Every structure is written in C-alpha cells, then in structure tokens.
Amino acid sequence: MATIDDRGVPADESAVPPPSTPSPCLPSFPSASSPPPPSPSAFSPSTLSPPPSSPSARDPEPAAKPAPGARTSSVAPRRLLLRLHFYAGVFVAPFLLVAALTGLAYTLTPQLDQLVYGHELTVDAGGNAPRPLSAQIAAARAAHPHGTVTGIRTGDGPRRTTAVVFTVPDLGDRQRTVYVDPYTARVRGTLTTWWGSTPLTTWLDDLHRTLRLGAFGRYYSEVAASWLWVVATGGLLLWLARVRRTRPTGRAGRARRVLLPDLRASGRRRTLGWHGATGVWLLVGLLFLSATGLTWSRHAGAHFRSALDATHGHAPTLDTALPTAHAVPITTSAPGAADASSGAPAASTGHHHSLSGATALPGADPADRVLAAARAAGLSGPVDIELPAQAGTAWTVTQTDRRWPMRLDAVAVDPHPTSTSTATVTSTATSAGIGIGSGSEGGSGSEGGAGSEGGAGARVTAHTRWADYPVAAKLTKLGVAAHMGLLFGLANQILLAALALGLICVLVWGLRMWWQRRPTRAQQPDRHRLLGPPPARGAWRGLPTPLLAAGILATVALGWALPVFGVTLAAFLLLDVTLGLTRRAHHHRR
C-alpha cells in the first residue's frame, strides 16, 4: 500500500520511474544524456509534489521549504485543488472524451452533407434567371401531393436549391423537404429533415447532444459542459503554481515554461509537459465551448433563460397579428393540398419553433408577393418563409445567414391587404424602405418572384432588426453559431476540430500519467497497483476559516446555477468520504 506523506505526495514519488513508451498523441523525442530539468504540468496528480532534497531524486531542482504561515495559506488550497482536479479528471474524462469525439464528427457535417446529398442540395447554376417561387412550390406539390406546405427556404448561393417543407403526420417531429432547382423548377430530390438539417446532420447532432439515448442522454452532455471549465481552470492554476515553484529565470523563461513542453524530458515527465502546455493553449477555447454548451443544456440552460427573462435579454418578438379585415384566408387553392380544417399537424421551418397549427398554402401567388415585400424591406440573402400559424396572422420572412456579420432581420407580411392599406403603404415605401413588391425581385437562387399587377401587392406589418437585439441576445446567437461551426465558415470548422483533437490528446495524456504514476514491484514488492494513488485527503482542514467559508458559499451558488455540476460534486464528496471511512476501518482492523 502506497504511503502518503504530509505534503500529499506518495513516499515513493522520488523513485526513478521505469522506462515509458512515447506519448500516444505525439512523436517521441530523444532524451538528453544529462539529468533533465523538470517539466511541470497542471493536469497531473503530482503537480504539486515538492522536489526531493536528494540530488538523485526525480526532480533535481531545489525548492525552499515554505514557512508555516505560507504553508497554511498556499499549500492547503493547492492540495485541495489538486485532489478536486484529480477526481474530476478521472470521473469526468470519459464524458469529455465522448463529447470531443462526437463534436469532432459534427464539425465535418457541411462537407459530409455535400458528399452524401450533393444532388439534392446543389445545382449547376446557368445563365438563366430563377423561376418564380410559385412555380417552384407548384413543382414540389405536384411531385409530393400529400402533406401540408408549411415553409419555403431559399438557397444561400446561386448553386443551392430551394427547399419546400411539408408536414406529414406519419413523420412526427420530422418534416419532408422537397428540393427544387430554382432555374428549371424541377425537383432534385426529397429528404426527411429536422428543422432543416439533413438526416446525416440530424444523426450526428443527436449523437453529440444525447448519445442517441433520448432525454436521459442529455445529462451526459451537461455533465461534460458543467465540468469542462472546472477542470480547465483548475489545471491552469496548478500549472502556474508549478512553474512558479521551479523559479525559471527571466520573463521569457517563465513564458517558455508555461507555453512549451520540455522536449528534453522522457517518460512520465514528457507526458506531463505535453499535457500541461497543451492545456494552456486550449484554455480559452475550452471555456468558450463550456459556456456556450451550457446555454442550451437542460437544467443550467433553464437558469440561463430565466436570467435573460429577468434582464429582458431575449431577442425581440415579431408581432404577426393582423387586423380582422386583413385576416389571411385559411382555405387553399393549391391542388392536392391538405385542408386546414382536417387537423393535420404542421411544422415551421424556423429552428426551435412550434409545430402546431400551421395552415396549407393559400395559393402560390401569395408566396411571390410575400418574398417581394421582404426583399423590398431589405431582407437580402437566404430567408425562411413561414406560413401563418392560424387565421388572422401574417406570413413571416426571416433571414438565416448566421455567418459573420450575422443577418437575422425578420418581417411579418400581409399578402392580402385591403386596397386602402395597400395604397397607404405604397405611398410610404419609397421613404421608409418598407413596402410592397409588385414585380420580379432579382438575385441568386430562388430570390426572384413575380407579384400581382395593378398594385395588389403585399404589405409589411412588423419588422425586427438584428441591430435592435439586446447585447445578451446577440452574444447568445453569436456564441451558438460559433459553437456549431457556422459563424466563420471553414475557419470556424478548423478551429473547432483543433480544439476537439487537442482535448482528446490532453485527456489521453492525463489518464496515461495516472497509469505511469503507479508504483512498481521494485518499489513495493508486497503490493502492485494497477494505477497511481490519488492525492492526500484532508487538505480542507488546512484552509483558513474565511477562505473555507467563502469556498463553501461559492460552491453552493455554483451548485444552484449549474444543478448537474452540484449533484455530481456532491456524489464525488460522498464517494470520497465513503472511501476514507472504509480505509480507516480497514486500518483499525489491521
């Protein structure tokens, strides 16, 4: 059984470790002939091990023994943080590893979608002008007469198809999306989608969020997001403390010790160096992923949304109500369309929107008028067109460009205004920039459309602008888009992939150091451990009372704000106490 001294370090820590194999994630480097200097790491159980006084010990650099007061004020907090970091790394590492692997796969979804669904998603852009939106909708309905049209999504470039979204009762929360060539109005294919995502993207998204285990699987991702920032921040503090103990000379020497591993080290010290230095480089990105992941988690996300409610930090709501005289008819003239009174469920193409109460498409011409009015109101680029959810409400058109600079303006449009209201809006359209569309709207993809002649256009009744979003709402939208790899395109994908690969390596190095730290039969002939011993218990007893009280209050507050973190931390403490009592009882029996 390993002996723990009063510093929280196994008594055999100064023994020379057996030769070790190279790091699993990086190539091996030859060791120098002279004894290597220490290579500190923040992510290891022996980070705070004071160097032995013997010149032949593993850490040859001397360190002065702290005074009793300094020991109480600095050693005890580091020992407590070390034990928390160790147990968090051991028990949470599997969750983080799975999240990193599935997240890495998800970053590749744009390329995978193009590879698997290229025929449905893209066309060969010719010199022809795009066909009216009404013709594209008619082609989609002719190919698939069953179901209810609930939305149209224009392409985000000249080579992208138009997506006509149908709700089919048998598909549940999924939709049937028909992809139409905007230049020929020919159907390119049909996919079962989820909020606009292809089947492959939907599968990978579900794997990353829930491991495809349903609502119960969401706890896995929330555990990972709740502890990622704790492990990363604690690792940084331990790493900086170890660098400070080695007393490197000069500012450049300190920066080199913090940011770079010691390439002269070998065995476990090499693993320490790569683990700690890589963790520092990843720190900001990992904190960002943890924070943005928590915003849409189940329990911590609910508290975050409550905070937005209290501070009025939500995105502005688009008013879709129409005067009674302007109520959109709920009957349909489209051939084969589902009757709105049949009770068939309908879906909206907007992400995270409700699925209830959408009506069938009231003819094709209104779609052209609605799109033309939205273009006149300044909504350029790709848009989602959603049909009214019930009689007396307007159509909505929302920009969907989540690349920087983000465009998320939205308008509510009345496609059947009265002649009086139409004349009023027409007279103010020139000065206000918000009005009707009465002709073909130019642009790429399916942006064109022929409105009705004679002034029977559509009217914009409400407008929300991205510029008017509260700061909290903007930061939330930007953070989610960056987390999903959308905000900066390919560069965003590369950065996320690098973070995922780096986190995988750091986790593997951390677990490998735990295995390398185990005592060998040469050091303990009577007992052979499979893994290294944990840091010493009872470090909290050495904390000053004010610091201990502040730590308890902060932990309780974090446990309330992040419930999954609080529950798992309580489980760690209960396990630690149980193991301590069991070990003490076993020691008394001996």
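Here the structure is a predicted model, which is why all the values come from computation and not from measurement.

## Concerning the overall build of the protein
Move 1: When helices and strands are tallied, the protein shows 14 helices and eight strands.
Move 2: Sequence-distant contacts, at least 24 apart, represent 71% of the contacts inside the protein between residues at least 6 apart.

## Observations regarding the sheet that holds strand β1 (residues 148-153)
Move 1: Reading across the sheet, the eight strands line up as β4-β3-β2-β1-β5-β6-β7-β8 and stay open at both edges, with antiparallel pairing between neighbours. Among the strands making up the open sheet, the edge pair consists of β4 (187-193) and β8 (459-464). On average, each strand axis in the sheet is tilted by 20 degrees relative to the strand beside it, whichever way the strands run.
Move 2: Of the strands in this sheet, β3 (175-180) and β4 touch helix α2 (residues 109-121), which is tilted by about 130 degrees from β4.

## Overview of the nonpolar core
Move 1: By size, the foremost hydrophobic cluster in this structure holds 35 residues, and its most contacted members are Leu96, Trp227, Leu286, Leu503 and Phe565.
Move 2: If one sorts the elements of this core by residue count, helix α5 (residues 218-246) sits on top with nine residues.
Move 3: Setting aside chain neighbours within four positions, we find Leu503 in contact with Leu96, Ala100, Leu228, Leu282 and Leu286.
Move 4: In this structure, Ile137, Ala374, Ile385 and Trp395 belong to the second largest nonpolar core, which totals 19 residues.

## With respect to the packing of helix α3 (residues 133-143) against helix α9 (residues 365-376)
Move 1: Relative to each other, α3 and α9 sit at 140 degrees, their axes nearing to 7 Å. By the criterion of interaxial angle, the relationship of α3 to α9 is oblique. For the pair α3 and α9, the crossing hand works out as right-handed. Across the interface between the two elements, Leu133, Ser134 and Ile137 of α3 pack against Asp365, Ala367, Asp368 and Leu371 of α9.
Move 2: When its residues are assigned to classes, the contact of α3 with α9 shows four nonpolar, one polar and two charged.

## As for the environment of Val178
Move 1: Locating Val178 in the fold gives a position in strand β3.
Move 2: The exposure class of Val178 is buried, given its relative accessible area of 0%.
Move 3: It is 8.6 Å that separates the C-alpha atoms of Val178 and Ala143, two residues lying 35 residues apart in sequence.

## Details of the packing of aromatic side chains
Move 1: Considering all chains together, one arrives at eleven aromatic pairs under this definition.
Move 2: Plain terms: the ring middles of Trp227 and Phe565 are 4.7 Å apart, the flat faces sit at 50 degrees to each other, and that makes the pair tilted. Residue Trp227 is located in helix α5, and its partner Phe565 is located in helix α14 (residues 563-589); the two are separated by 338 residues in the primary sequence. Residue Trp227 shares its accessibility class with Phe565, and that shared class is buried.
Move 3: Members of the aromatic cluster, connected to one another through ring pairs, are Phe86, Tyr87, Phe91, Trp227, Trp229, Trp514, Phe565 and Phe572.
Move 4: Across from the ring centre of Trp466, 5.7 Å away, lies the NZ or CZ of Lys474, which sits over that ring.

Thresholds, definitions, all that
Residues numbered from 1 in each chain as written. Predicted model: local features only at pLDDT ≥ 70, side-chain atom pairs only at ≥ 80, totals over all residues. Heavy atoms only, no water. Helix = DSSP H or I, 4+ residues; strand = E, 2+ residues; numbered from the N terminus. Contact = heavy atoms within 4.5 Å. Pairing = 2+ DSSP bridges. Axes fitted to C-alpha atoms, helices over the stretch in contact; angles between N-to-C directions. Core = buried A, V, L, I, M, F, W, Y, C linked by side-chain atoms within 4.5 Å. Buried < 20%, exposed > 50% of the residue type's maximum accessible area, 1.4 Å probe, protein only. Parallel < 35°, antiparallel > 145°, perpendicular 65-115°, else oblique. Left-handed = near helix turned anticlockwise from the far one by under 90°. Nonpolar A, V, L, I, M, F, W, Y, C, P; charged D, E, K, R; others polar. Phe/Tyr/Trp six-rings, centres within 6.5 Å; stacked < 30°, edge-to-face > 60°. Lys NZ or Arg CZ within 6 Å of the ring centre and 35° of its normal.

Taken by themselves, the reported measurements are silent on function.
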